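# Remarks on the overall topology
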Amino acid sequence: MKLIIDTDAGVDDAQAIMLALTHPGVDVLAITTLTGNVHIRQVNPNVLTILEIMKRAVPVYAGIDRPLIAEWEDAAEFHGGDGLGNYRDRPALTQSIEDEHAVLALLRLAREHAGELTLIALGPLTNIAAAVRLDPDFPGRIKQFVFMGGTIAARGNTPTVTAEYNIWTDPEAACITLAAFDDATMLSWETTLAHGFPWDKFNRLCAIDTAGGRFFRAISHESAERLRRIYRRPAYLLPDPLAMAITLRPELIRRSGKFYTTVELSGTHTRGQTVIDYNHMSGRAPNVNVIQALDTDGVYELFVAALSQS
């Protein structure tokens, strides 16, 4: 698999990137960055820190620093002010950001590897939408496009209560992107809520005494405490790692369906909500494979393998 990761480098992004970097048979060709969970000024060093700790060299390209139209609001309350759970033990960085802009790198790599690339978006879809606008043929060159974002039952995690954060942050970009790709795969917020790690499993991962295991424990601590004590969640949530897991191992998908999906841009109470035509009422061709259930035990095995070898 030739993989490109587009990320806003929060805690769960880091966890997902760790899965990709350690998975056999996966060549991470590039990581592209953008503003989302935190500003791109923090996202870039976060990605380089992940690569340093995992002892991997991957080209990193900086992308767009704000949503296309919407006012940006960070998610630092959950991810920490630095985006990595206020991670303190940052190593000296031996890699640097590439000179080429992320959107141009996406277009170039799609031409160089036409029909071979898997593209996974872990944050807002701003970079992807810009690539689509610059080159309408871009989606046709991508073998598989997976994104973490959206809601499947209007149960969101934003001030617009029906919308999920990544889509809500840049609804216009999401609308452009979903209109351009005719076969995207979506891992939603509700699927995240239904497929967390019970706390005993999470604690076992945190006990893995490797560089990767210690990094996982350090960046996850604050978000775990918030989920456990404030939100009283019965499990640790894994939005981006679930999206990465089904990308790396599609056999982990247990239930899905393909439906026409778009994004609400102007609703007073629903801006940023993903609108899914479950009953095929619109007459529009289905364009998104909506993941509804997956094998969480298989995801856990991926984490054990990733953290044990790092």
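Quick note: structure is the one above.
Residues numbered from 1 in each chain as written. Predicted model: local features only at pLDDT ≥ 70, side-chain atom pairs only at ≥ 80, totals over all residues. Heavy atoms only, no water.

### Overview of the nonpolar core
To be explicit about the condition: Nine residue types can take part in a nonpolar core, namely buried Ala, Val, Leu, Ile, Met, Phe, Trp, Tyr and Cys, and a core is a set of them joined through side-chain atoms within 4.5 Å. Think of it in three bands: with a 1.4 Å probe and only protein chains considered, a residue is buried below 20% of the maximum accessible area for its type, exposed above 50%, and partly exposed in between. Strands here mean DSSP runs of E at least two residues long; helices mean DSSP runs of H or I at least four residues long; both are numbered from the N terminus. Two residues form a contact once any of their heavy atoms are found within 4.5 Å.
Ranked by internal contacts, the top residues of the largest apolar core, which has 62 residues, are I5, V28, I31, F215 and M244. For this core, the element with the most residues is helix α1 (residues 11-22), which contributes eight residues. Residue contacts for I31: discarding those within four places in its chain leaves I5, T7, I17, V47, L51, V58, P59, V60 and Y61. Listed in part, the 40 residues of the second largest apolar core include L107, F181, V288 and V290.

### A few points about the sheet that holds strand β3 (residues 60-62)
Note the following rule: Strand pairing is defined by DSSP finding a minimum of two bridges between the two strands. Here an angle of 0 to 180 degrees is reported between the N-to-C directions of two axes, which are lines fitted to C-alpha atoms, with helices fitted over the stretch in contact.
One open sheet holds the nine strands; their spatial order is β3-β2-β1-β4-β5-β6-β11-β9-β10, and the pairing between them is mixed. If you trace the sheet from one side to the other, it starts and ends with β3 and β10 (274-277), each paired once. If you compare each strand with its neighbour and ignore which way they point, the axes differ by 30 degrees on average. Taken together, the three bridges between strand β2 (residues 27-33) and β3 define a ladder with parallel strand orientation. Bridging across to β3, I31 finds its partner in V60. Strands in contact with α1 are β1 (2-7) and β2; relative to β1, the strand with the most contacts, it is inclined by about 170 degrees. Helix α8 (residues 171-180) contacts β5 (142-148), β9 (253-263) and β11 (288-294) of the sheet and is inclined by roughly 110 degrees relative to β9.

### Notes on the pattern of salt bridges
Under the convention used in this document: A carboxyl oxygen of Asp or Glu within 4 Å of a side-chain nitrogen of Lys or Arg is what we treat as a salt bridge.
As enumerated under the stated definition, the model contains 16 salt bridges in all. For the salt bridge of D135 with R141, the shortest nitrogen-to-oxygen distance reads 2.6 Å. For D135, a relative accessible area of 13% translates into the label buried. Accessibility expressed as a relative area gives 22% for R141, which makes it partly exposed. A salt bridge links R214 to D209; the nearest nitrogen and oxygen atoms lie 2.8 Å apart.

### With respect to the pairing of β2
Put simply, the test is: The crossover handedness rule: strands pointing away from the viewer, path from first strand over the helix to second strand clockwise, crossover right-handed.
Burial analysis of β2 places six of its seven residues in the buried class, which makes it a mostly covered element. Taken together, the six bridges between β1 and β2 define a ladder with parallel strand orientation. Pairing of I4 across the sheet is with A30, part of β2. Assessed by its sense of winding, the connection that carries the chain from β1 through α1 to β2 is right-handed. In terms of handedness, the path from β2 via helix α2 (residues 40-54) over to β3 forms a crossover that is right-handed.

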